[in-house]
Each structure stands twice: as structure tokens, then as C-alpha cells.
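As a plain string of letters, each chain reads:
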Amino acid sequence: TLFPYTTLFRSLSNTKRTAINGGADVLDTAIATEAGKFANFHFADVRNAFSPHEICSSGSVWLHSTDFTDLTDSYHPFAAGYSGGYLPVMDSVTG
């Protein structure tokens, strides 16, 4: 989930947030399915790790919001997202 449904982020409607979150879920499912077809590939799901840290959540935010001056940062994690979200999940898969 990129956007919590209780967000104060007003530039996207609930319909658009639902569509973006649904698209992310579809993408994760497709990647997990494809990774599962190969013996040495693993899908590491980080959605639960990021769930209290979505864009405009009430907790500490781990993801950049849309940045029209530098779109390459949009929806990518801050350092806290890499260390607190991705790293523990990757460590659980790679040992």
C-alpha cells in the first residue's frame, strides 16, 4: 500500500488511491508468481513492513511523495524505508 485509506493527502481521491494501491498489489502478485517459477528466485514482500509508513500516514513516512521537480524520487523510499523496510525483509530471505 502506498497510500493509507485514512490519509490526509487530498490531491488524490479515494478512487485514485484505491486504483494505485490495487495496481501495486497486482504487480507484486505478478512478480511473486514469476519468481516462484524458478528454483533460485524468491519474492520478498515488503508491504507489511511499509504499512505503518505510507505516504502521508500519521506515523513516520518512509516513501517520497510525488516530486514534480525530480520524478525519479517519487514513491521511492527514504533511507529509513531502505533500512527499516527493505533490509529486514531481504535479510529474512538471504540470511
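Above: the structure in question.
What counts and what doesn't
Residues numbered from 1 in each chain as written. Predicted model: local features only at pLDDT ≥ 70, side-chain atom pairs only at ≥ 80, totals over all residues. Heavy atoms only, no water. Helix = DSSP H or I, 4+ residues; strand = E, 2+ residues; numbered from the N terminus. Areas by Shrake-Rupley, 256 points an atom, 1.4 Å probe, with all protein chains shown as cover. Expected span 1.5 Å × (residues − 1). Buried < 20%, exposed > 50% of the residue type's maximum accessible area, 1.4 Å probe, protein only. Arc of directions from axis to C-beta.

A.B. asks: Give a description of the overall build of the protein chain that names residues and reports values.
C.D. replies: Broken down by element type, the protein chain carries 3 helices and 0 strands. With the model as given, the accessible surface of the protein chain reaches about 6300 Å², and the carbon-plus-sulfur share is 62%.

A.B. asks: Explain helix α1 (residues 14–35) to me, and be specific about the residues and the numbers.
C.D. replies: Counted at 1.5 Å a residue, the expected span for α1 with its 22 residues is 32 Å, and the 31 Å between its end C-alpha atoms agrees. Along α1, the residues that are buried comprise R17, N21, D28 and A35. Viewed along the axis of α1, the buried residues span an arc of 50°, placing them on a single side of the element. Relative to its buried face, α1 has exposed residues pointing more than 90 degrees away, namely T15, A19, V26 and L27.

So yeah, pure geometry; function would need other evidence.
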